[in-house]
Amino acid sequence: MAQNGSHSTYSGAKAERIVFPLGGLGAGMVGLSGTGALTAVSVRNAPALLNEPFVFAAVRWSGASGQGARVIEGPVPTWKLTYPWPDSTGTGRGQQGKTFGLPRFADASFAPRFPFAELSLEAPGGPLACRLVAWSPFVPGDADASSLPVAGLEYEIRNIAAERVETILSFHARNFMRVAGSKSPAGVDTADGGFSLWQSGDDARPEDEGRFTVETDAPGAVAGARWFRGGWWDPVTDLWRGLAEGRIPAAGAHEEGAPSDGGSLYVPFVLEPGETRRVRLRLSWFVAKTSLRRGGGPFDPKGRTDGTETFVPWYGGRFADAAELAAFWAQNYDRLRDASEVFAASLADQRLPPEVLEAVSANLTTLKSPTVMRQADGRLWMWEGCADNEGSFEGSCTHVFNYAQSIPHLFPSLERTLRETEFFENQDDDGHQNFRAQLPIRPNPRRARPAADGQFGGIVKVYRDWRICGDDAWLRRLWPRVVASLEYAIRTWDPAEAGWLTEPHHNTYDIEFWGPDGMAGSFYLSALRAAEAMADALGEPAERYRVLAERVRGRLENDLFNGEFFIQKVQWTDEALAGAMSTEARASIEREGPKYQYADGCLSDGVLGEWLARVSGLDTGLDPAKVATHLRSVHRYNFRRSLRDHANPQRPAYALGDESALLLCSWPNGSPPHFPFVYSDEAWTGIEYQVAAHLIMCGEVEAGLKIVRAARSRYDGRVRNPFSEFEWGHWYGRPMSSWSLLRAMTGQDYDARTRRLTLAPALPGDISALLATETGYGLAGVRDGAPFVEVRRGEIAVDAIDYTPCRAAQ
């Protein structure tokens, strides 16, 4: 893996696990593998991560020195040869139905440049070199342009020989839109310059209906659906032989009998020595009806397609059908490509350490994965991540998405829809807030337990989102719901208003903490400070929150800080013994209290609420020296250069063996509880980036960068996909905490209300990072010793810059 500007280039074994998502926000995806295959094709409003259909592009050449043909892909990764694909007949039966046995290029090199990916292929001794540029629109601030179910594949074929070469580029796909078990018709349509794979639905299963379209604007293109209709491997045998011999079938489909099993597109051209030809393919898909529904309440099957009873994707409300979508894509391809290129160039132009650039850009791919859903009215809804064939834990989970910082800056209007769901549909009049939203989004009946970190974090995020948009009217509309949420939290978890959470409180580790702790306490303090600031701005009473915040601050600094780090004081009653449990479980509780606590452990998330406050532009007043001491302790005790001697009975695939990682917790001053909280021995990249950013903000730059390097080294393409940091699901939401590294490195903070920009770089010399706002984005940082803002798209109104030079430079 070699450095390529601000990103990495992957080849050989380090390209074998790559899946780079192509598609729009909430629109599904087509994955591009590190060797060029289209894989993880997830276009039916659900993950299908093991769906690698029979699809390939190929190039055929003929010249004075001979002829040949190859699939435009690198070598097949060896792990695929015996993998139990869902469409295979077993691991030992040869992988029939795959493209693995077709000739291909000997070497492939994969270079990400989000939202673009570039694949370079060369064949020793052959006359052609190939390059594929794959992309899908990504335009910060333009959510609709970034939510299209489309992708572009741009094949560049270069003649590296000293002779004229006759060339045919072709693209082929078996009808992977066909739904197994469907009794409705399916087939392949052709038109000038393209073909469509389709499946129809019926009254019983309208969600089966879907279409996938492949089109080109290349002159002379021929689209056909005349695959040989026969048994065994006859269709593929005939397809490849015709391709290798340079035969282009007649356009159109079979005129009698059953339809073809697939469609093909052929583009013939001649290349002179040194000449390059580019052929652009436009992919689009349209599956507007679903049976997807999550949450309680009655279900009326007759209402499945009207957008009220089941999920309808945003594009299903924007476009009438697949034809209208494909036409829009054709008309706007160049405009959207140019706009996406501006963002890609801005990412690459940042002056930051390479590990930071990689961590930020790699996790932006989550926004193009099936983790993200966007319903017909435009509102955002998120899974926590992606299981192989379904979303992994629903509901825009508030405590998971406390960590995610990219959407609020890149697509602020979409992020605000998450707040509105939390404080309206998910919250009752008492202020109880469900931490998971239903799909379609609708009023959410009260569930048993709110999450303290999620509920407090939502209040801080309202403050953050208000500063980003500068819209006082939006804040005023949410303010009564914010007050209700905060008051509910106080009387539920701190009923005596003692300044800490004495009652059991649910949290992101999927358990209750019994007794006050630094993590939830830091959220409590941050929420009170956010409420105080918002109340002051709106002319609402704020003194109650100010007084209580001081009480919470005192508890954190004086009662929950042990001199090295913030801890938990476990408190419990006989309520912990309620309910059915085994004899040994009851004995464990009677011996040391409730299971799943951290007590005097050093928790990596121990001041998580303080980090959220910092990245939201909020000063809580918590002693910065104690915060810094806590973070240094986290680095000292929880970072492991090797995990070979570390026992993890939980979920070891996140980090293990000789890999380096930051553990969630350790107990440096004694033994851990016999049953510590359930994820304590694991490593989550979302927490690693959070801690790294916070360390950098406290001046511990090298310690923070070391954690980032460790996290990214585990995702190097050999074992794990560099573009899917997983935690109970691929493309997990939590690692989008990596965006906070931009703020940490540059100290940038922009307030749209005051139009002031703060810059306080962590390193001397030239440094810059993306600054994304409600109205535009660009680069902000220090160049030649002076602060600067360079707008790349839209507008960023800056009336003043508060610049503090890096202390190391003074």
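Every chain's residues receive numbers from 1 upward, in the order its sequence appears when written. Where totals are concerned, whole chains, interfaces and linings use all residues; where local detail is concerned, this predicted model gives features only for residues with pLDDT of at least 70, and gives and counts side-chain atom pairs only at 80 or more. The side-chain figures draw on all heavy atoms in the structure; neither hydrogens nor water molecules are used.

(A) Quick peek at the overall build of the protein. Each helix and strand in the protein was counted, giving 16 helices and 35 strands. The C-alpha radius of gyration of the protein comes to 28 Å, within 12% of the 28 Å expected for a compact globule of 810 residues. Its C-alpha atoms put the protein at 85 × 65 × 55 Å along the principal axes. Within the protein, buried positions represent 61% of all 810 residues. Contact definition: two residues touch when any of their heavy atoms are within 4.5 Å. A separation of at least 24 residues holds for 69% of the contacts in the protein among residues at least 6 apart in sequence. When the accessible surface of the protein is split by element, carbon and sulfur atoms take 49% of a total near 28900 Å². Counting rule applied: Lys, Arg positive; Asp, Glu negative; His and chain ends not counted. Each charge is placed at NZ for Lys, CZ for Arg, CG for Asp and CD for Glu. Each charge class in the protein can be summarised by its mean position, and for the 85 positive and 102 negative side chains these summaries are 2 Å apart. Numbered from the N terminus, helices here are DSSP runs of H or I no shorter than four residues, and strands are runs of E no shorter than two. C-alpha atoms define the radius of gyration in this analysis, and the globule rule sets the expected value at 2.2 Å times the number of residues to the power 0.38. Any residue under 20% of the maximum accessible area for its type is buried, any over 50% is exposed, and the rest in between are partly exposed; the area is computed with a 1.4 Å probe on protein chains only. Calculation of accessible area relied on Shrake-Rupley with a 1.4 Å probe; when residues are assessed, cover is drawn exclusively from the protein chains displayed.

(B) Spatial organisation of the packing of helix H6 (residues 412-425) against helix H8 (residues 472-493). Orientation of H6 relative to H8, taken along the N-to-C sense of each, is 40 degrees, at an axis distance of 10 Å. Comparing their axes, H8 and H6 come out oblique. For H6 against H8, the interelement crossing comes out left-handed. Taken together, the residues of H8 that come into contact with H6 (itself represented by Arg416, Arg419, Glu420, Phe423 and Phe424) are Trp474, Arg477, Leu478, Arg481, Val482 and Ser485. Gly is placed with the polar residues, together with every amino acid not listed as nonpolar (Ala, Val, Leu, Ile, Met, Phe, Trp, Tyr, Cys and Pro) or charged (Asp, Glu, Lys and Arg). Tallied by class, the residues present in the contact of H6 with H8 amount to 5 nonpolar, 1 polar and 5 charged. Only C-alpha atoms enter the line fits that serve as axes; for helices the fit covers just the stretch in contact. Angles between N-to-C directions range over 0 to 180 degrees. Here the word oblique covers every angle except those under 35 degrees (roughly parallel), over 145 (roughly antiparallel) and from 65 to 115 (roughly perpendicular). If you view the pair so one helix is near and one far, a crossing is left-handed when the near helix is turned anticlockwise from the far one by less than a right angle, and right-handed when it is turned clockwise.

(C) Here's a closer look at the nonpolar core. Take the buried Ala, Val, Leu, Ile, Met, Phe, Trp, Tyr and Cys residues and link them wherever side-chain atoms come within 4.5 Å; each set so joined is a nonpolar core. Membership of the largest hydrophobic core comes to 206 residues, with the highest contact counts inside it found for Leu153, Phe171, Phe212, Leu367, Phe456, Tyr509 and Met534. Here the element with the most residues in this core is helix H9 (residues 518-538); it accounts for 12 residues. For Tyr509, the residues in contact, after removing those within four places along its chain, are Met519, Leu603, Asp605, Leu664, Phe677, Val678, Tyr679 and Trp684. Judged by nonpolar contacts, the second largest core, of 13 residues, contains Ala58, Val71, Leu243 and Tyr266.

(D) Seen up close, the packing of aromatic side chains. When the centres of two rings from Phe, Tyr and Trp lie within 6.5 Å, Trp using its six-membered ring, the rings pair. Their planes under 30 degrees apart give stacked, over 60 give edge-to-face, and anything left gives tilted. Counting across every chain of the model gives 41 aromatic pairs. For the ring pair Tyr10 and Phe723, a centre distance of 5.9 Å and an interplane angle of 70 degrees mean the geometry is edge-to-face. With Tyr10 in strand S2 (residues 7-11) and Phe723 in the loop between helix H15 (701-714) and helix H16 (740-746), the pair connects residues that are 713 residues apart, well separated along the chain. Comparing Tyr10 with Phe723, the two get one shared label, buried. Aromatic rings pair up to connect Tyr509, Phe513, Tyr598, Phe677, Tyr679 and Trp684 into one cluster. Here Arg555 stacks its cationic end above the ring of Trp500, 4.1 Å away from the centre of that ring. To sit over a ring, a charge needs its Lys NZ or Arg CZ within 6 Å of the ring centre and within 35 degrees of the ring normal.

(E) Region of the structure containing the layout of surface pockets. Definitions used for this entry: grid spacing 1 Å over protein atoms alone; cavity, a set of points where a 1.4 Å probe fits but cannot get out; pocket, an open set with protein on both sides within 12 Å along at least 5 of 7 lines; lining residue, one with an atom within 4 Å of a point. Grid points are joined across faces, edges and corners, and a volume is the space filled by probe spheres set on the points. Of the voids in this model, the largest pocket is the one considered here, and its volume is about 940 Å³. What lines the largest pocket is a set of 36 residues, and nearest its centre among them are Val41, Arg44, Ala48, Asn51 and Phe176. Looking at the lining of the largest pocket, its residues break down into 16 nonpolar, 10 polar and 10 charged. Of the volumes computed, that of the second largest pocket is approximately 780 Å³. In this structure, the second largest pocket is lined by 30 residues; those nearest its centre are Arg614, Met697, Cys698, Gly747 and Ala760. When contributions to the lining of the second largest pocket are tallied by element, the ones reaching two or more residues are helix H12 (608-615), helix H13 (624-638), helix H14 (685-697) and H16. With 3 residues, H12 is the largest single contributor of residues to the lining of the second largest pocket. Residue composition of the lining of the second largest pocket, by class: 16 nonpolar, 8 polar and 6 charged.

(F) A look at empty space enclosed by the protein. Scanning all chains against the criterion turns up 12 cavities of 30 Å³ or more. Here the largest cavity defines a volume of roughly 220 Å³. Lining the largest cavity are 19 residues, and of these His409, Val615, Arg743, Gln748 and Tyr750 sit closest to its centre. Among the elements of the structure, helix H7 (452-469), H16, strand S30 (749-751) and strand S32 (767-772) are those that each provide at least two residues to the lining of the largest cavity. Looking at the lining of the largest cavity, its residues break down into 8 nonpolar, 7 polar and 4 charged.

(G) Summary view of the sheet that holds strand S35 (residues 800-803). Strands pair, by our definition, only if DSSP identifies at least two bridges between them. The 3 strands lie next to each other as S30-S31-S35, forming an open sheet whose pairing is mixed. Edge positions in the open sheet fall to S30 and S35, since each of these has one partner strand only. When strand polarity is set aside, the average angle formed by the axes of neighbouring strands in this sheet is 15 degrees. Pairing between S30 and strand S31 (residues 756-759): 3 bridges, direction antiparallel. If you follow Tyr750 over to S31, its bridge partner there is Leu757.

(H) Local environment of H13. Multiplying 1.5 Å by the helix residue count minus one yields the expected span of that helix. If you check H13, its first and last C-alpha atoms are 21 Å apart, about what 15 residues at 1.5 Å a residue would give, namely 21 Å. When H13 is considered as a whole, its buried residues turn out to be Val627, Ala628, His630, Leu631, Ser633, Val634, His635 and Asn638. Measuring from the side-chain oxygen of the N-cap residue of H13 to the backbone nitrogen of Ala625 gives 2.9 Å; that N-cap residue is Asp623. In the analysis that follows, any N or O atom pair within 3.5 Å is treated as a polar contact, provided that within protein one partner can donate a hydrogen and the other can accept it, and provided that, for residues neighboring in sequence, both atoms belong to side chains.

(I) Region of interest: the pattern of salt bridges. Should a side-chain nitrogen of Lys or Arg be within 4 Å of a carboxyl oxygen of Asp or Glu, the pair is scored as a salt bridge. With the rule as written, the count across this model stands at 68 salt bridges. Of the charged contacts in the structure, one is a salt bridge between Glu774 and Arg416, with a shortest N-O distance of 2.9 Å. Separated by 358 residues along the polypeptide, Glu774 in the loop between S32 and strand S33 (776-783) and Arg416 in helix H6 bring together distant segments of the chain. With a relative accessible area of 13%, Arg416 lands in the buried category. The partner of Glu532 in a salt bridge is Arg529, with the nearest N and O atoms 3.1 Å apart. Taken together, the residues Glu532 and Arg529, both in helix H9 and 3 residues apart, mark about one turn of the helix. Judged on exposure class, the residue Glu532 and its partner Arg529 are both buried. In this structure, a network of salt bridges that share partners links the residues Arg529, Glu532, Asp536, Glu543, Arg546, Glu550, Arg553 and Glu557.

(J) The sheet that holds S32, seen in detail. What the 3 strands build is an open sheet, ordered S32-S33-S34; its pairing is antiparallel. Of all the strands in the sheet, the pair left with one neighbour each is S32 and strand S34 (786-794). In this sheet, neighbouring strand axes are inclined to one another by 20 degrees on average, regardless of whether the strands run parallel or antiparallel. As paired strands, S32 and S33 are joined by 6 bridges and run antiparallel to one another. Within the sheet, the bridge partner assigned to Leu770 lies in S33 and is Leu779.

(K) Representation of the environment of Thr190 in the model. Here Thr190 shows up in strand S13 (residues 186-191). Thr190 gets classed as partly exposed once you look at its relative accessible area, which sits at 28%. Placed 63 residues apart in sequence, Thr190 and Ala253 show a C-alpha to C-alpha distance of 6.8 Å. If we ignore the near neighbours within four places in the chain, the residues touching Thr190 are Phe195, Ala223, Gly224, Ala225, Gly252 and Ala253.

(L) Just unusual backbone geometry, in detail. Between Phe114 and Pro115 the backbone carries a cis peptide bond, its omega angle lying at 5 degrees. With respect to the element layout, Pro115 can be found in the loop between strand S8 (107-113) and strand S9 (116-122). Put simply, Leu439 and Pro440 share a cis peptide bond, and its omega is -10 degrees. Of note, Phe393 is a non-glycine position whose phi angle comes to about 65 degrees, a positive value. As for its placement among the helices and strands, Phe393 is situated in the loop between strand S23 (391-392) and helix H5 (407-410). Of note in the backbone geometry, Trp728 takes a positive phi value of approximately 50 degrees without being a glycine. For Trp728, a relative accessible area of 43% translates into the label partly exposed.

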